[in-house]
Amino acid sequence: MDKNNRVLGRIGARELTEQEVDAVQGAFQVRHTLTPCFIDKKQQLLNGDQAIGECGP
Amino acid sequence: MKLIVLAPEDDNHTAPIKWALEKAGHRVVCWAGLSWTDGGQASLLMNQDDTLVLGGHSVDPGDVIWIRRPELPDPNPKVSEADKKFASLEYRSFYHCIAYFLETLPVWCINKYSAARMTIQKSVQLRLARQCGLKTPSTLMSNQPATVREFFARENSRTICKGFTPHVWQKEGQMSVAITETFELTADQLPSDEVLTYAPAIYQERVPKDFDIRMVLMGNHIYSYALKNTKQALDWRQDAGLGHVTAELVPTPPDVEKGVLEFARRSGVCFGSLDFGVDAQGQWWFLEINEQGQFLWIDQFNREARLLEKFCAFVTSPQGSTLPLEARQDLFPSLAEYEELLKNEQVAPVGRPRPDDPFLSMEA
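Reading guide: rules and limits
Residues numbered from 1 in each chain as written. Chains lettered and ligands numbered in written order. Predicted model: local features only at pLDDT ≥ 70, side-chain atom pairs only at ≥ 80, totals over all residues. Heavy atoms only, no water. Helix = DSSP H or I, 4+ residues; strand = E, 2+ residues; numbered from the N terminus. Buried < 20%, exposed > 50% of the residue type's maximum accessible area, 1.4 Å probe, protein only. Polar contact = N/O pair within 3.5 Å; in protein donor to acceptor, adjacent residues only side chain to side chain. Contact = heavy atoms within 4.5 Å. Expected span 1.5 Å × (residues − 1). Arc of directions from axis to C-beta. Pairing = 2+ DSSP bridges. Core = buried A, V, L, I, M, F, W, Y, C linked by side-chain atoms within 4.5 Å. Right-handed = clockwise from strand over helix to strand, strands pointing away. Axes fitted to C-alpha atoms, helices over the stretch in contact; angles between N-to-C directions.

Caption draft 1: Seen up close, the environment of D188 of chain B. All names here are of chain B. Position of D188 relative to the elements: it lies in the loop between β12 (183–185) and α6 (193–196). A relative accessible area of 76% places D188 in the exposed class. Between the alpha carbons of D188 and R149 there is a distance of 9.8 Å; along the sequence they are 39 residues apart.

Have a look at this one:
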């Protein structure tokens with residue numbers, strides 16, 4: 001990663017391998033879609049405690 | 001009485017809760033938010049008897065409105081390019097009219113929109129928590145390099161850094177991702193002043209925690225779960241996703257319970273997920289509250305938690321009821337039953353592709 005003009009949050013971000021993403025997704029779809037930090041590889045979205053809706057941050 | 005959920009029907013918490021409530025004979029309808037589509041349209045008629053209709057569902061006295069996760073207002077894409085900005089602002093304004101208007105009706109909002117918008121701000125929640133007697137870590141929110149460096153110069157103190165919002169970066173053409181996480185940072189590791197202005201961040205005294213607590217607030221009821229992750233990670237959320245966390249029901253210390261209930265009273269929220277860190281002396285440090293945070297996953301890690309049933313009991317009880325939720329939780333089926341149906345494809349799958357996720361960025 002080119003760190004030259006990246007935000008601090010990206011510099012400190014945790015890198016997950018494809019295998020880890022698979023592990024997070026797991027065999028049981030519902031199990032992990034409920035967790036506070038879930039990356040849905042297929043749908044490409046983050047499903048977490050916070051939501052940017054009209055109540056978003 | 002009916003429950004109106006402001007969220008898509010396939011939201012991962014809405015779907016099982018709607019299923020459980022309906023199985024117990026309750027009426028549940030969903031409104032995903034204001035949009036140009038038939039199901040997303042809304043009308044607010046103001047006369048002697050004000051009438052609010054959300055996607056064909058009238059809001060009636062005694063209804064319970066669970067503002068779970070409505071989608072952003074969605075204007076008709078066919079509108080002229082020259083009118084798009086105006087239409088977008090009109091949609092947003094109308095949505096606000098609806099959301100705030102709900103609070104003026106004889107309905108129970110979980111949570112009130114105004115309370116939710118206020119409390120979701122991390123600065124507000126930390127200050128309020130401290131005022132309510134909860135222990136909070138020293139925190140700096142800033143994009144001013146000199147002030148950040150000064151904060152890191154505190155003696156005998158360790159510091160963590162975290163964002164205001166979560167985010168994922170995915171490399172183009174690859175499946176590997178990077179995800180924001182709380183991380184420890186020292187003064188020596190601070191980047192250049194320029195970088196500190198790229199994005200504001202939260203810098204916080206590191207709580208010397210032995211383990212974490214996820215607390216779920218439902219009205220006057222508080223349920224605390226000790227989360228212990230085998231990797232002793234600073235941020236347990238990823239480990240929860242990987243299944244490396246246990247969730248054990250623990251008693252809430254009386255002073256913490258008192259503080260949380262006072263926090264709820266002053267903030268106006270009646271429901272939320274709170275995070276605490278517990279240090280070696282057994283002190284509970286308030287870290288944050290997400291007023292619509294995820295909570296059903298605890299049922300998956302601890303089948304005795306029965307938070308799905310408790311939530312169903314909560315939303316079907318009179319507002320402000322002090323009757324233990326355990327007294328009515330047996331009226332509702334469990335998440336395990338729902339999961340079994342899901343596994344056998346007897347209920348619709350949760351989640352659906354979205355064209356644009358605000359928390360996801362692609363990078364080279």
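Moving on from the coordinates now.
Caption draft 2: Main features of the side chain of R14 of chain A. Structurally, R14 of chain A can be placed in strand β1 (residues 14–16). For R14 of chain A, a relative accessible area of 17% translates into the label buried. Looking at R14 of chain A, its side chain comes within polar contact range of the side chain of E181 of chain B, at 3.0 Å.

Caption draft 3: Broad picture of helix α4 (residues 122–131) of chain B. Residue and element names in this part refer to chain B. Listed as buried for α4 are K122, Q125, L126, L128 and A129. Elements in contact with the buried residues of α4: α3 (113–119), β8 (139–142), β13 (201–205), α8 (254–267) and β18 (284–290). Directly after α4, the chain includes G133, whose backbone phi takes a positive value near 90 degrees.

Caption draft 4: Seen up close, α8 of chain B. Residues and elements named next belong to chain B. With 14 residues, α8 should reach 20 Å at 1.5 Å per residue; the first-to-last C-alpha distance of 20 Å fits that figure. Those residues of α8 lying buried are V256, G259, V260, F263, A264 and S267. The buried residues of α8 all sit within an arc of 140 degrees when viewed along its axis, so they share a single face. Every exposed residue of α8 that faces more than 90 degrees away from the buried side is listed here: P254, D255, K258 and R265.

Caption draft 5: Representation of the pairing of strand β9 (residues 159–162) of chain B within the structure. Residues and elements named next belong to chain B. Here β9 shows a buried face lined by T159 and C161 and a second buried face lined by I160 and K162. As paired elements, β9 and β12 share three bridges and run antiparallel to each other. Bridged to T159 within β12 is L185.

Caption draft 6: Broad picture of the nonpolar core. All names here are of chain B. Counting 45 residues, the largest nonpolar core has I17, I110, F271, L307, F311 and F314 as its most contacted members. With sequence-adjacent residues up to four places away left out, I110 is seen in contact with V64, I65, W66, I67, C270, F271, Q292, F314 and V315. Judged by nonpolar contacts, the second largest core, of 23 residues, contains L134, I222, F263 and V269.

Caption draft 7: Representation of the pairing of strand β2 (residues 27–30) of chain B in the model. Residue and element names in this part refer to chain B. With four bridges connecting them, strand β1 (residues 2–5) and β2 associate as parallel partners. What sits directly across from I4, in β2, is V29. Note on the crossover from β1 through helix α1 (residues 14–23) to β2: the handedness is right-handed.

Caption draft 8: Highlighting the sheet that holds β12 of chain B. Residues and elements named next belong to chain B. Judged by pairing direction, the sheet is antiparallel, and its four strands sit side by side in the order β8-β13-β9-β12 without closing on themselves. Across the chains shown, the open sheet's two edge strands, defined by having one partner strand only, are β8 and β12. The average undirected angle you get between the axes of adjacent strands in this sheet is 30 degrees. With four bridges connecting them, β8 and β13 associate as antiparallel partners. Looking across to β13, one finds that S142 is bridged to A201. Contacts from α4 reach β8 and β13, with the element oriented near 160 degrees to β8. With respect to the sheet, helix α5 (residues 145–152) is in contact with β8, β9, β12 and β13, its orientation differing from that of β8 by roughly 165 degrees.

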